[in-house]
Amino acid sequence: MMVVVAYDVNTETTAGKRRLRNVAKTCMKYGQRVQNSVFECSVTPADYLTLINEVMKIMDQEKDSLRLYKLGTKYSEKIEYYGVQRHLPVDDVMMI
């Protein structure tokens, strides 16, 4: 399933800046960055739960916020974008 992960981390302190970097690194394990604090992740239901658990361990629930939008498996018609596209389609073949 496709999940859009958006987060907002309070970066007024050094600890907040560290949390911001760690949340981004965690999200990159599951998907790709499409905007500064927004990721599109193609995950299994088990990976989805693991992703939430990992991010929840990093974030400060009194200062930060996390939003997840489940787009399901037929997500391609649910996403519209304009301007510069910062991601690769996850359905296409990627060669590294």
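Residues numbered from 1 in each chain as written. Predicted model: local features only at pLDDT ≥ 70, side-chain atom pairs only at ≥ 80, totals over all residues. Heavy atoms only, no water.

An unreviewed UniProt entry annotates the protein as CRISPR-associated endoribonuclease Cas2 originating from Bifidobacterium moukalabense DSM 27321. Word for word, the UniProt comment on the protein under Cofactor (unreviewed entry) is "Mg(2+)". The Sequence similarities (unreviewed entry) comment attached to the protein in UniProt states, word for word, "Belongs to the CRISPR-associated endoribonuclease Cas2 protein family." (UniProt positions renumbered as here; feature names shortened; annotations may be inferred.)

Colleague: With reference to specific residues and values, describe the sheet that holds strand β2 (residues 31–35).
Modeller: The strand order across the open sheet built from four strands is β2-β3-β1-β4, with neighbouring strands paired in antiparallel fashion. The open sheet has two free edges, formed respectively by β2 and β4 (65–72), since each of these has just one partner strand. Averaged over all pairs of adjacent strands, the angle between strand axes in this sheet comes to 25°, irrespective of strand direction. Summarising the sheet, β2 and strand β3 (residues 38–42) pair through four bridges and their orientation is antiparallel. (Pairing = 2+ DSSP bridges. Helix = DSSP H or I, 4+ residues; strand = E, 2+ residues; numbered from the N terminus. Axes fitted to C-alpha atoms, helices over the stretch in contact; angles between N-to-C directions.)

Colleague: Tell me about the pattern of salt bridges, residues and numbers included.
Modeller: Inspection of every chain in the model, using the stated rule, returns two salt bridges. For K29, the salt bridge goes to E54, with nearest N and O atoms at 2.8 Å. One end of the pair, K29, is in the loop between α1 (14–28) and β2; the other, E54, is in helix α2 (residues 45–58), and 25 residues separate them in sequence. A relative accessible area of 56% places K29 in the exposed class. (Salt bridge = Lys/Arg side-chain N within 4 Å of Asp/Glu carboxyl O. Buried < 20%, exposed > 50% of the residue type's maximum accessible area, 1.4 Å probe, protein only.)

Colleague: So what about the side chain of D64? Which residues, and what values?
Modeller: Structurally, the position occupied by D64 is in the loop between α2 and β4. A polar contact is formed between the side chain of D64 and the backbone nitrogen of N10, at a distance of 2.9 Å. For D64, the contacting residues outside a window of four places in its chain are D8, V9, N10, R19 and M59. (Polar contact = N/O pair within 3.5 Å; in protein donor to acceptor, adjacent residues only side chain to side chain. Contact = heavy atoms within 4.5 Å.)

Colleague: Can you explain α1? Please cite residues and give values.
Modeller: Its 15 residues give α1 an end-to-end C-alpha distance of 21 Å, which sits within 8% of 21 Å, the value for a rise of 1.5 Å per residue. Among all positions of α1, only G16, R19, V23, A24, T26 and C27 are buried. Down the axis of α1, the sector holding all buried residues measures 160°, keeping them to one side. Counted as exposed and oriented over 90 degrees from the buried face of α1: T14 and K25. (Expected span 1.5 Å × (residues − 1). Arc of directions from axis to C-beta.)

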